[in-house]
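One-letter residues, chain by chain:
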Amino acid sequence: MKYAFPLAAVIALVLIALVGVQIPGMQYFFGIVIPYAAMALFLGGFCLRVIYWARSPVPFKIPTTCGQGFSLDWIKQDKLEAPTNTSQVVARMFLEIFLFRSLWRNTKSTVYDGPKLTYESSKWLWLFGIMFHYSFLVIVIRHMRLFMDPVPFAVSFTETIDSLLQIGAPTMYMTDVTIVLALLFLFGRRLTNPHVRYLSLANDYFPLFLILGVATTGILMRFFLRTDVDINAIKQLAVGLVTFHPTISADIGAIFYAHLFLVCTLLAYFPMSKLMHMGGVFLSPTRNMANDSRMKRHVNPWNPSIKPHSYASYEDEFREDMVEQGIPVEKELPPKTDE
Ligand code: HEM
């Protein structure tokens, strides 16, 4: 039941917003104060963590390689699996960030009667992972219409494509369906797979429930409680927030504040959570380093400066003692001159 507390926390957040905005004057608190505070925490926290990671010294060259490294001319190098220069690293990063390439190779281990252990390819996590992330991205891009006046072409075009199926009125967005499906799969996976269930903690469930809460309140607002919200007043507030002249001109409707409060919680929670993999993926030395340790010397930044002491100079220093002890030397002692 490690998911009970995070679930209760998200329900509590919704209730806090729904009840809170009923108190006169609190709409400013939930609509203006909290969003600015959350954004400040998000930007400040995000920057701090990135700076902290960027400043960590990397003592070793540790790129992950799983292919043929650069070698002799007639041995074909696997440029994506063992990149030796920046453009190859960028290509590998690009595929990782946009297509989740390493997750594509996810495997599932099963013990059959025998006992027989097998590792089989498992693409479900990749599929629903990519579905979730792209749906989220498209929803965020579509939301830009609330913050921009006039609405840029790219935003309205995304909206047109997303509602291409023309189902219902207002038209259903495909990404609303895919984000909810993906989140339910990701939660279901943590529940049903015994290994993942054992490893899952409250801070694995909380972001799932929180984002599911954001999506659910958004969907409720658009499709079921449409008459409860004043979309013009929301747009005025959203444009006001980004231009630093926020106003709440009408009674917007409690469900909007619940949606916004969950988004603000997500923003504030982001820098201290595992969601920071969004920034961290760029700073991971196993991903962003080239596999060139045989071409370029990687110097550990905290190495003390060690003066080289060659064998020749060692022998120069100790030659007399070595000869005296009968240890062979490369250079003979100069002949003794009789005085
Ligand atoms: C993490 C960021 C956010 C996510 C994931 C999200 C998600 C959603 C979803 C899934 C919907 C359902 C309809 C649709 O897909 O457009 C929705 C609707 C909506 N969201 Fe958000 N939202 C986010 C941030 C915000 C913010 C910051 C605002 C406030 C300015 C906002 C205001 C609205 C409004 C007004 C609707 C109803 C739109 C309509 O009726 O067409 N959302 N949201």
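Scroll up to find the structure.
Everything quoted here is computed from the prediction, not taken from an experiment.

Chemist: Give me the lowdown on the overall build of the protein chain, citing residues and values where you can.
Modeler: The number of helices and strands found in the protein chain is 14 helices and two strands. The C-alpha radius of gyration of the protein chain comes to 30 Å, more than 25% above the 20 Å expected for a compact globule of 339 residues. Its C-alpha atoms give the protein chain principal-axis dimensions of roughly 115 × 60 × 45 Å. The buried share of the protein chain, taken over its 339 residues, is 34%. Taking contacts inside the protein chain between residues at least 6 apart in sequence as the whole, the part at least 24 apart equals 62%. Each charge class in the protein chain was averaged separately, 29 positive and 25 negative side chains, and the resulting centres sit 12 Å apart.

Chemist: Talk me through the site of the ligand; I want residue IDs and the actual numbers.
Modeler: The environment of the ligand is formed by 24 residues, the closest being R142, H143, D176, R226 and H259. Residue R222 places a side-chain N or O atom 2.8 Å away from an oxygen atom belonging to the ligand. Measuring from a nitrogen atom of the ligand, one finds a side-chain N or O atom of H259 at 2.8 Å. Going through the elements one at a time, α5 (124-147), α9 (202-224), α10 (231-242) and α11 (254-269) are the ones with two or more residues in the shell around the ligand. Among the elements that make up the shell around the ligand, the one with the highest residue count is α5 (seven residues). Of the residues belonging to the shell around the ligand, the class tally is 16 nonpolar, three polar and five charged.

Chemist: Outline the coordination of the iron atom of the ligand, supporting the account with residue identities and numerical values.
Modeler: For the iron atom of the ligand, the full set of protein donor atoms is H143 (NE2) and H259 (NE2), and the range of their distances to it is 2.0 Å. For the iron atom of the ligand, the six donor atoms in the first shell make angles of 87 to 179° at the metal, so the coordination geometry reads as octahedral. Of this pair, H143 sits in helix α5 while H259 sits in helix α11, placing them 116 residues apart in sequence.

Chemist: Go over the packing of helix α7 (residues 174-192) against α9, please, and point to the residues and values.
Modeler: Interaxial distance between α7 and α9 falls to 10 Å at its minimum, and their mutual angle equals 150°. Taken together, the axes of α7 and α9 lie roughly antiparallel to each other. Crossing of α7 over α9 shows left-handed handedness. Between α7, through D176, I179, V180, L183, L184, L186, F187, R190 and L191, and α9, the contact on the second element is made entirely by D204, Y205, L208, F209, I211, L212, A215, I219 and F223. Taken together, the residues that form the contact of α7 with α9 break down as 15 nonpolar, no polar and three charged.

Chemist: Outline the packing of aromatic side chains, listing residues and values.
Modeler: Here the structure, examined in full by the defined rule, presents 21 aromatic pairs. Seen in terms of ring centroids, F46 and F270 are 6.1 Å apart; in terms of plane orientation they differ by 25°. Their pairing is stacked. Pair noted here: F46 is in helix α2 (residues 26-55) and F270 is in the loop between α11 and α12 (277-280), with a separation of 224 residues, a long-range link. Arranged with centres 5.5 Å apart and planes meeting at 25°, the rings of F153 and F157 form a pair that is stacked. Note that F153 and F157 are positioned in helix α6 (residues 153-162) at a spacing of four residues, about one turn of the helix.

Chemist: Break down the pairing of strand β2 (residues 116-121) for me, citing the residues and quoting the values.
Modeler: Relative to β2, strand β1 (residues 107-112) is paired through six bridges, and the arrangement is antiparallel. Bridge pairing links T107 to S121 in β2. Linking two consecutive strands that pair antiparallel, namely β1 and β2, is a turn of three residues; a positive phi of about 145° is found at G114 within it.

Chemist: Can you explain a nonpolar patch on the surface? Please cite residues and give values.
Modeler: Taken together, the side chains of F94, F98, L99, Y134, L137 and I141 define a hydrophobic patch exposed on the protein surface, amounting to about 540 Å² of accessible area. In this fold, L137 is placed in helix α5. A relative accessible area of 42% places L137 in the partly exposed class.

Chemist: Explain the pattern of salt bridges to me, using residue names and the numbers behind them.
Modeler: All chains considered together, the criterion is met by 12 salt bridges. In this structure, R145 and E159 form a salt bridge, with 3.2 Å as the shortest nitrogen-oxygen distance. You can see R145 sitting in helix α5 and its partner E159 sitting in helix α6, a full 14 residues away along the chain. Given a relative accessible area of 25%, R145 falls into the partly exposed group. One salt-bridge network, held together by shared partners, links K61, D292 and K296.

Chemist: With reference to specific residues and values, describe the packing of α5 against α6.
Modeler: Packing of α5 against α6 brings their axes to within 8 Å, and their N-to-C directions diverge by 125°. The orientation of α5 relative to α6 falls into the category oblique. For the crossing formed where α5 meets α6, the hand is left-handed. Listed contacts from α6 to V138, I141, R142, M144 and R145 of α5 are V155, T158, E159 and D162. Within the contact of α5 with α6, the residues separate by chemical class into four nonpolar, one polar and four charged.

Conventions and cut-offs
- Residues numbered from 1 in each chain as written.
- Predicted model: local features only at pLDDT ≥ 70, side-chain atom pairs only at ≥ 80, totals over all residues.
- Heavy atoms only, no water.
- Helix = DSSP H or I, 4+ residues; strand = E, 2+ residues; numbered from the N terminus.
- Rg over C-alpha atoms; globule rule 2.2 N^0.38 Å.
- Buried < 20%, exposed > 50% of the residue type's maximum accessible area, 1.4 Å probe, protein only.
- Contact = heavy atoms within 4.5 Å.
- Lys, Arg positive; Asp, Glu negative; His and termini not counted.
- Charge placed at Lys NZ, Arg CZ, Asp CG, Glu CD.
- Near = heavy atom within 4 Å.
- Polar contact = N/O pair within 3.5 Å; in protein donor to acceptor, adjacent residues only side chain to side chain.
- Nonpolar A, V, L, I, M, F, W, Y, C, P; charged D, E, K, R; others polar.
- Donors = N, O, S within 2.8 Å, 3.2 Å for Na, K, Ca; no water.
- Tetrahedral: all angles 85-135°; square planar, octahedral: opposite > 155°, others 65-115°.
- Axes fitted to C-alpha atoms, helices over the stretch in contact; angles between N-to-C directions.
- Parallel < 35°, antiparallel > 145°, perpendicular 65-115°, else oblique.
- Left-handed = near helix turned anticlockwise from the far one by under 90°.
- Phe/Tyr/Trp six-rings, centres within 6.5 Å; stacked < 30°, edge-to-face > 60°.
- Pairing = 2+ DSSP bridges.
- Patch = residues over 30% accessible without salt bridge, like charges linked within 9 Å, V, L, I, M, F, W, Y side chains within 5 Å.
- Areas by Shrake-Rupley, 256 points an atom, 1.4 Å probe, with all protein chains shown as cover.
- Salt bridge = Lys/Arg side-chain N within 4 Å of Asp/Glu carboxyl O.

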